[in-house]
Each structure stands twice: as structure tokens, then as C-alpha cells.
Amino acid sequence: MYCFQGHRQDLTNLHIRLKRSVLMICMAVACAAWTGCDSVADGDETSPSNADSNTTHADSALTDTMATDSTDVDLPDSVPVEIARAQRGDISSYLMFSSTIATEAAVEIHPETSGRVEAVLVEEGDHVEAGQILVKLNDEQVLIEERESEVELNHLEGGYKRTEEMFRRRLISTQEYEDKLYQLEQARLRREKAQLALEHTHIRAPFSGVLTTRSVQVGARVGPGGKLFDLVKREDLIARVHVPGQYLREVQVRQAAQIESDFLRDMVFEGYVKRISPVVDPQSGTFKVTLGIHDQWEHLRPGIFVTARIVTDTHAGAILVPKEAIVYDGSDRFVFVVRDSTAHRVKLDAGFENSRFVEARSEIADTTQVIVVGQNGLKDQARIRVAATSSD
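Please read these numbers as outputs of a predicted model, since none were measured by experiment. (Residues numbered from 1 in each chain as written. Predicted model: local features only at pLDDT ≥ 70, side-chain atom pairs only at ≥ 80, totals over all residues. Heavy atoms only, no water.)

Concerning the overall build of the protein
Phase 1: Broken down by element type, the protein carries four helices and 22 strands.
Phase 2: A buried classification covers 33% of the 392 residues belonging to the protein.
Phase 3: Expressed as a percentage of contacts within the protein between residues at least 6 apart in sequence, the contacts between residues at least 24 apart total 75%.
Phase 4: Counting only carbon and sulfur atoms, one obtains 51% of the accessible surface of the protein, whose full area is about 24200 Å². (Helix = DSSP H or I, 4+ residues; strand = E, 2+ residues; numbered from the N terminus. Buried < 20%, exposed > 50% of the residue type's maximum accessible area, 1.4 Å probe, protein only. Contact = heavy atoms within 4.5 Å. Areas by Shrake-Rupley, 256 points an atom, 1.4 Å probe, with all protein chains shown as cover.)

A short note on the pairing of strand S2 (residues 87-103)
Phase 1: Two strands pair when backbone bridges link them, and S2 and strand S15 (residues 305-322) are joined in this way by 13 bridges, in the antiparallel orientation. Considered in S15, the bridge of Leu-95 is made with Ile-310.
Phase 2: Both S2 and strand S11 (residues 237-244) contribute to a ladder of three bridges, which runs antiparallel. By the bridge assignment for S11, Ile-101 is matched with Ala-239. (Pairing = 2+ DSSP bridges.)

Considering the sheet that holds strand S9 (residues 221-222)
Picture the strands of a sheet paired through backbone hydrogen bonds; they go either parallel or antiparallel.
Phase 1: Taking strand neighbours across the sheet as the criterion, the four strands line up as S7-S6-S4-S9 in an open arrangement whose pairing is antiparallel. A strand with exactly one partner marks an edge of an open sheet, and here the two such strands are strand S7 (202-204) and S9.
Phase 2: Pairing geometry for strand S4 (residues 115-120) and S9, over two bridges, is antiparallel. Bridge assignment links Arg-116 to a residue of S9, and that residue is Arg-221.
Phase 3: Packing of helix H4 (residues 174-200) onto the sheet brings it into contact with strand S6 (133-137) and S7, and relative to S7 it is tilted by some 65°. (Axes fitted to C-alpha atoms, helices over the stretch in contact; angles between N-to-C directions.)

Brief notes about the pattern of salt bridges
Phase 1: Applying the stated criterion across every chain yields a total of 19 salt bridges.
Phase 2: Residue Glu-185 is joined to Arg-188 by a salt bridge in which the shortest nitrogen-to-oxygen separation is 2.9 Å. With a gap of three residues between them, Glu-185 and Arg-188 both fall in helix H4, about one helical turn apart.
Phase 3: You can call Arg-188 partly exposed: its relative accessible area is 34%. (Salt bridge = Lys/Arg side-chain N within 4 Å of Asp/Glu carboxyl O.)

Observations regarding the confidence of the model for the protein
Phase 1: When pLDDT is averaged along the protein, the result is 82; 80% of the residues meet or exceed 70.
Phase 2: Confidence, expressed as mean pLDDT per element, reaches its minimum in the protein at helix H2 (residues 48-71) with 43 and its maximum at strand S14 (residues 286-293) with 96.
Phase 3: Here residues 33-75 scores under 50 on pLDDT; set against residues more than four positions off or in separate chains, the count is 16 contacts. (pLDDT = per-residue confidence, 0-100.)

Description of the sheet that holds strand S10 (residues 229-232)
Phase 1: Across the sheet, which stays open at both edges, the four strands sit in the order S3-S10-S8-S5 with antiparallel pairing between neighbours. Lying at the two open borders of the sheet, with one neighbouring strand each, are strand S3 (106-109) and strand S5 (127-128).
Phase 2: Across four bridges, the pairing between strand S8 (residues 209-214) and S10 is antiparallel. Paired with Val-210 across the strands is Val-232, a residue of S10.

Section: the side chain of Thr-368
Phase 1: Position of Thr-368 relative to the elements: it lies in the loop between strand S20 (357-360) and strand S21 (369-373).
Phase 2: In terms of polar contacts, Thr-368 uses its side chain to reach the backbone amide nitrogen of Ala-365, at 2.9 Å.
Phase 3: Setting aside its immediate chain neighbours within four residues, Thr-368 contacts Ala-84, Arg-85, Ala-86 and Val-337. (Polar contact = N/O pair within 3.5 Å; in protein donor to acceptor, adjacent residues only side chain to side chain.)

Structural notes on the packing of helix H3 (residues 140-168) against H4
Phase 1: One can describe the packing of H3 onto H4 by two numbers: an axis separation of 8 Å at closest approach and a directional angle of 160°. Taken together, H3 and H4 sit at an angle that is classed as roughly antiparallel. As H3 runs across H4, the sense of the crossing is left-handed.
Phase 2: Residues belonging to the contact of H3 with H4 are distributed by class as follows: 13 nonpolar, five polar and ten charged. (Parallel < 35°, antiparallel > 145°, perpendicular 65-115°, else oblique. Left-handed = near helix turned anticlockwise from the far one by under 90°. Nonpolar A, V, L, I, M, F, W, Y, C, P; charged D, E, K, R; others polar.)

With respect to unusual backbone geometry
Phase 1: Although it is not a glycine, Asp-266 sits at a positive phi angle of roughly 60°.
Phase 2: Relative to the assigned elements, Asp-266 resides in strand S13 (residues 264-276).
Phase 3: A positive phi angle, near 70°, is found at Glu-363, a position not held by glycine.
Phase 4: Position of Glu-363 relative to the elements: it lies in the loop between S20 and S21.
Phase 5: Here Glu-363 falls in the exposed class, since its relative accessible area comes to 58%.

Focus: the nonpolar core
Phase 1: By size, the foremost hydrophobic cluster in this structure holds 25 residues, and its most contacted members are Ile-101, Val-243, Val-289, Leu-291 and Ile-310.
Phase 2: At the level of elements, S2, S11, strand S12 (256-261), S13, S14 and S15 are the ones that each hand at least two residues to this core.
Phase 3: Excluding anything up to four places from it in sequence, Val-243 contacts Leu-95, Phe-97, Val-251, Gly-285, Thr-286, Phe-287, Val-289 and Ile-310.
Phase 4: The next biggest cluster of nonpolar side chains, apart from the first, holds 18 residues, and it includes Ala-105, Leu-134, Leu-211 and Val-216. (Core = buried A, V, L, I, M, F, W, Y, C linked by side-chain atoms within 4.5 Å.)

Details of H4
Phase 1: The end-to-end C-alpha distance of H4 is 39 Å, a good match for the 39 Å that 27 residues give at a rise of 1.5 Å each.
Phase 2: Contacts made by the buried residues of H4 are with H3. (Expected span 1.5 Å × (residues − 1).)

Here is the structure:
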């Protein structure tokens, strides 16, 4: 930046050098005159060409001295800056909350029966389909019981046919007929129970999704209380937020929302208000809002910390200024705009803002160039030099 004290010092140095130059010229002229006088006293004639030569050398010395002195005087340099152009676009106001990504369907998979693990057919992180076999338990004992129930059922079914024929001919009483029928029904139930026990030795996925945790090993003995896997449904990613009750009328189902995460910088995921709790928690004064997210497991994962924004209003075609251009002076905000290689300080009349831009409601057009690097400490009307242009 321009420094008046330094410039005054440079002018002082220039005056001293000029005085020295004039003194040297006077001394040279005096020497020349003295030499001329000596020559006349000795009877030698002084040539006009010698006088002209002395004068030429003196003028040359003066010119060189002034040229040397002028190179030592530095004019005030312009300040190098980086600029960006304001742009036109849409910007919204938000209700902003912190949350984590979750899924609508997330379950723990447990075995229905006890047994020794014979085979694990999937691994953590695998995508599985509904009904796919995940684990096989040892089924030797269950197979025997299932075969036993089958034999018993076949025997009773054959005997029941004879009993039914005898009852039709009135050869047996009603009580004997009903006892045989009861035994047959009991055998059928034992058969179904044995088949179900055999089916439970094959542990299947309840729905399509991704296995996030595996807690089972081959050879281990498991029971109904032991967790084998965690399964999540990846198509229904959600984020739950708790909104202050004062905004109950401002949030509606299907309202637009945006999701951002520090883990995934420069990425914004579109969402919407999926459900709104009909009650306000009397302890916190908030109501629960569930946001649906359109990302289908491409980038987001359950458990990621995110910032959720529910859009309450949008200004279309607004003038947007990069946040990097803002200079703070107390509670006021300013930007430096470039006009004719000069930085002009303009107070920012801010509207809506997001993580990257601020809406400028006056004095700035979509063709205005603003300084985004080098503006801190810059004075109004300072001369600047554009060193770089931001691509934003």
C-alpha cells in the first residue's frame, strides 16, 4: 500500500543528490576555469573545442546523475488481488439442524432355534436378497425328528381311513371315531412343527439389504438370544431432526430439504420432508421431523453426521457474492468491487445465504467483479492489480 512517510523520505534523498550534482558541476567549471587561467599565464592558448568538451562532459555527468537518482525513486505499487465475478442464481432460507443418516428398516438377525453353525454363506458388507440363506445350522437331529413325524402321520392316516369306513357302517362308536380323528390332527401338527424346525436351521434374510455387521462364526453354538447379523435396507435413507415448536406451521410434508456432510465436501444431497410428528415434546419443546433422502446408497451411509436444511423460502435469480469476499467491520459486512483498477468498498445489503454465497440485494450486479483474496486490510480507493481470477 501507499506510504506517505516513505515517499517524503525519497524526495529528501532526491534533493540531496541534486545538490551534490550541482556542487560537482560547479567544481568542474571552476577547475576548467583555473586550468584555462594557468594556460594563459604560461602563454598557451586555450582551444574553443576544449571548452566545449568540458561543458559537454559536465552536462553528461549531470544527466547521468539525475538518471541514476530517478531510478532510485519507487512509485507506489498497486496491491495484487484475486477476483471473482458475482453471479445470478437461486438461493434459499433454511431451518438448519444436525443429524445422522439412518434407514427406515434396520434389524438384528437372530436364529429361531438353537444349534451349531455348520456354514456361513455371506460376509459383512454383502448385499442380500429377501429369503436368501445366510447361515446353515447342523440339522441331523431335526431331520430325524422330521422323518419320525412323517412316519407317524402316514400310519395314522392309513388307520383313519379304516376307522372312517367302520364308522360309516356303524361298526364303531362316535367316541372311537373322534379319538382317531384327534390323533390324526395331532400327528399333522407334529409333522408341521418338525418341518418348521428343519426350516429354521436355514437362517434367511427377512428383506433385501446390506449386512453391516457379522457376529457369527462357523462351529459356534447359537440360540434365539444370539445376534448373527445387522441388516439395513439401503433404499430408504432418512435423517431425523427435532424442530422447535415455533416452526410447526412452516414445515409441511413433501417440503424440500438439503443434506450436507463434512465427510463429503462440496456435495449437496436433495431430500424432502417425509413425516411430521403430530405432537410436540413438552420437555424439549420440539417436534420430530423425518427427512427422506434421494441418494440411493451411492455416497451416504448410515451413521454419517450431516447438516440437514429444511427449505422455507427461495429467491430465484438473486445476485450471489462468494462468502470469501466479505470483510467484517464490527457488525457490518463489506465487499471490495473492482472499477478501473481501483478497489471500492461497498456495504453489503445481505439477504439469504448458504455455505458458499450471500445474496446481495443492492449496489452489485451479476457482472460486478469482487475481490476474494487480498481484501483484508485494503483501503477504499486503493490501486489494485489483478493477479488471478477465481473460477467460481
